[in-house]
Amino acid sequence: MIWLIGSKGMLGSEVAEELSSRGFLWIGSGSEVDITNPRAIENFITSSETQNYLDIHIKSKDPMERKIKWIINCAAYTAVDNAEDDIEKATAVNATGALHIARSARNHGAKLIHISTDYVFDGKSSVPYKENDAKNPTGVYGKTKSDGEDAICSAMTQYYIIRTAWLYGFYGKNFVRTMIKLFNEKDSIKVVSDQTGTPTCARDLASTIVTLIEKSQKATSIFGKNSALSYGIYHFTNKGKTTWFEFAKKIYELGKKCGKVTGECKILPCTTDEFGAKAPRPAFSVLCKEKIEKELHIKIPSWEQSLKTFLNDKRFIV
């Protein structure tokens with residue numbers, strides 16, 4: 001069985017749908033399980049593996065099928081600006097919580113997939129960041145996520161840390177939904193033009209996470225095409241790079257074509273300083289995806305292609 005932590009969030013909801021569509025037995029949790037409390041984590045694992053625990057996701061009564069073999073951690077404190085003032089809570093969720101989950105995963109023999117971020121880098125590079133590049137987070141959010149990575153690496157060996165960036169999806173607040181709302185309400189808006197990265201559709205990341213699990217469970221060799229993915233850190237975003245300003249322009253263009261953007265709005269560039277965000281942002285946070293493409297044998301779509309598919313999907317309602 002798979003335990004999906006943060007199953008109601010933007011990414012977690014997509015992972016949940018992907019797991020169900022591929023026939024995996026899984027159980028989800030949200031705020032009802034406090035990951036900053038190790039006893040709460042242990043209690044959840046123990047109760048979910050017993051035959052008398054009832055949950056809408058669980059159909060099997062076989063004790064072995066009910067044993068948690070994978071934990072996917074999609075939970076995080078992601079309010080980047082708020083984290084600058086709320087250091088204690090951000091640390092509790094992103095660093096301490098990750099440590100507690102890793103220790104429980106190790107103690108129960110479960111593999112861990114943990115979602116991290118491009119914010120662990122300082123953004124001073126001019127070429128895509130590779131997994132083993134030196135970390136140097138500049139804000140509280142990035143620092144706590146970096147500490148969470150380090151905690152996992154020190155607590156266990158059977159882990160996959162997947163760093164991603166500029167995530168958007170069908171559930172919850174995100175840049176794409178916000179932009180379309182503003183396009184339909186405002187005559188003009190300003191968007192930051194001096195930050196470069198890669199938009200990532202949550203559906204694409206969710207599909208990759210579940211493919212990773214499938215490949216591991218179907219592995220028939222230690223090395224080669226039929227082997228499981230090597231444990232460690234990976235990067236996943238869509239392909240290509242852009243700025244928030246150019247991203248907004250593409251949302252406007254494609255939104256007009258599919259009828260999601262009905263207003264007329266002028267998009268104006270501005271600098272990060274002009275925008276005035278409280279927390280520092282990496283100026284360049286493009287991530288290199290060669291490692292995960294090679295090991296999973298996948299072809300990652302471009303950010304433009306995924307955005308077009310997303311906007312034309314019936315599930316995306318303005």
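Treat the numbers as computed from the prediction; the structure is a model and nothing was measured. (Residues numbered from 1 in each chain as written. Predicted model: local features only at pLDDT ≥ 70, side-chain atom pairs only at ≥ 80, totals over all residues. Heavy atoms only, no water.)

K.L.:
Would you mind showing me how to read the nonpolar core here?
P.N.:
The tendency in soluble globular proteins is for nonpolar side chains to be buried side by side. Trp3, Ile71, Leu112 and Ile152 are the most contacted members of the largest nonpolar core, which totals 35 residues. Broken down by secondary-structure element, the contributors of at least two residues to this core are β1 (2-5), α2 (38-48), α4 (80-83), α5 (87-107), α6 (140-155) and β5 (159-164). The leading source of residues in this core is α5, at seven residues. Residue contacts for Ile152: discarding those within four places in its chain leaves Ala98, Ala102, Leu112, His114, Tyr159 and Ile161. Within the second largest apolar cluster, 29 residues are counted, among which are Leu4, Leu11, Phe24 and Ile300. (Core = buried A, V, L, I, M, F, W, Y, C linked by side-chain atoms within 4.5 Å. Buried < 20%, exposed > 50% of the residue type's maximum accessible area, 1.4 Å probe, protein only. Helix = DSSP H or I, 4+ residues; strand = E, 2+ residues; numbered from the N terminus. Contact = heavy atoms within 4.5 Å.)

K.L.:
Looking at this model, I keep getting lost on the side chain of Thr164. Mind explaining?
P.N.:
Take Thr164: it is sitting in strand β5. There is a polar contact of 2.8 Å between the side chain of Thr164 and the backbone oxygen of Phe236. (Polar contact = N/O pair within 3.5 Å; in protein donor to acceptor, adjacent residues only side chain to side chain.)

K.L.:
Help me understand the packing of aromatic side chains in this model?
P.N.:
Any two aromatic rings considered together are summarised by their centre-to-centre distance and by the angle between their planes. Going through the model one piece at a time under the given rule, you end up with 16 aromatic pairs. With a centroid separation of 4.7 Å and an interplanar angle of 55 degrees, the aromatic rings of Phe175 and Trp244 are classed as tilted. With Phe175 in helix α7 (residues 175-183) and Trp244 in helix α9 (residues 244-258), this pair connects stretches of sequence that are 69 residues apart. Neither Phe175 nor Trp244 differs from the other in exposure class; each is buried. Plain terms: the ring middles of Phe175 and Phe247 are 5.1 Å apart, the flat faces sit at 20 degrees to each other, and that makes the pair stacked. Of this pair, Phe175 sits in helix α7 while Phe247 is found in helix α9, placing the two residues 72 residues apart along the sequence. Each member of the aromatic cluster is reached from another via a ring pair, and the members are Trp166, Tyr168, Phe170, Phe175, Trp244, Phe247, Trp303, Phe310 and Phe316. The ring of Trp70 has Lys111 sitting right over it, with the charged end atom 5.5 Å from the ring centre. Looking at Lys291, its charged tip hangs above the ring of Tyr234, at a distance of 4.3 Å from the centre. (Phe/Tyr/Trp six-rings, centres within 6.5 Å; stacked < 30°, edge-to-face > 60°. Lys NZ or Arg CZ within 6 Å of the ring centre and 35° of its normal.)

K.L.:
What's the story with the sheet that holds strand β2 (residues 26-29) in this structure? I'm lost.
P.N.:
Two orientations exist for strands paired in a sheet by backbone hydrogen bonds: parallel and antiparallel. Pairing within the open sheet is parallel, and its six strands lie in the order β2-β1-β3-β4-β5-β10. Whereas interior strands pair on both sides, the edge strands pair on one side only; in this sheet they are β2 and β10 (232-235). The average undirected angle you get between the axes of adjacent strands in this sheet is 20 degrees. Across the face of the sheet, α2 comes into contact with β1 and β2 while running at roughly 150 degrees to β2. Seen against the sheet, α5 touches β1, β3 (70-73) and β4 (111-117) and runs at an angle of roughly 160 degrees to β4. (Pairing = 2+ DSSP bridges. Axes fitted to C-alpha atoms, helices over the stretch in contact; angles between N-to-C directions.)

K.L.:
I keep staring at α2 and nothing clicks. Help me out?
P.N.:
Residues spaced three or four apart along an α-helix point in a common direction, a consequence of the helix completing one turn every 3.6 residues. All buried positions along α2 are accounted for by Ile41, Phe44, Ile45 and Ser48. End-on, the buried residues of α2 take up no more than an arc of 95 degrees, which puts them together on one face. Where α2 begins, the side chain of Asn37 points an oxygen toward the backbone nitrogen of Arg39, at a separation of 3.0 Å. (Arc of directions from axis to C-beta.)

K.L.:
Can you walk me through the packing of α2 against α5 in this structure?
P.N.:
How two helices sit against one another is set out by the angle between their axes and by the gap between those axes. For the pair α2 and α5, the least separation of the axes is 9 Å and the interaxial angle reads 40 degrees. When the axis of α2 is compared with that of α5, the two are oblique. Considering how the two elements wind past one another, α2 and α5 form a crossing that is right-handed. Residues Pro38, Ile41, Glu42 and Ile45 of α2 form the contact with α5, whose participating residues are His100, Ile101 and Ser104. Residues that form the contact of α2 with α5 fall into these classes: four nonpolar, two polar and one charged. (Parallel < 35°, antiparallel > 145°, perpendicular 65-115°, else oblique. Left-handed = near helix turned anticlockwise from the far one by under 90°. Nonpolar A, V, L, I, M, F, W, Y, C, P; charged D, E, K, R; others polar.)

K.L.:
Any chance you could explain the packing of α5 against α6 here in plain terms?
P.N.:
Relative orientation of the contacting elements α5 and α6 amounts to 15 degrees, with a least axis distance of 8 Å. Here α5 is positioned roughly parallel relative to α6, judged by the angle of their axes. Crossing angle aside, the handedness with which α5 passes α6 is right-handed. Residue-level contacts link Ile87, Ala90, Thr91, Asn94, Ala95, Ala98, Leu99, Ala102, Arg103 and Arg106 of α5 to Val140, Tyr141, Thr144, Lys145, Asp147, Gly148, Ala151, Ile152 and Ala155 of α6. Of the residues belonging to the contact of α5 with α6, the class tally is 11 nonpolar, four polar and four charged.

K.L.:
Help me understand the side chain of Gln195 in this model?
P.N.:
Among the secondary structure elements, Gln195 is positioned in the loop between β7 (188-192) and β8 (196-197). For Gln195, a relative accessible area of 7% corresponds to the buried category. For Gln195, the side chain forms a polar contact with the side chain of Trp244, separated by 3.1 Å. Among the polar contacts listed, one links the side chain of Gln195 to the side chain of Thr272, at a separation of 3.0 Å.

K.L.:
Just checking my understanding: could you explain unusual backbone geometry for this structure?
P.N.:
Negative phi characterises most residues that are not glycine, and trans characterises most peptide bonds. A positive phi is found at Trp166, a non-glycine position, where the angle reads about 50 degrees. In this structure, Trp166 sits in the loop between β5 and β6 (167-168). In this structure, His297 takes a positive phi of about 55 degrees despite not being glycine. Within the secondary structure, His297 is located in the loop between α11 (290-296) and α12 (303-311).

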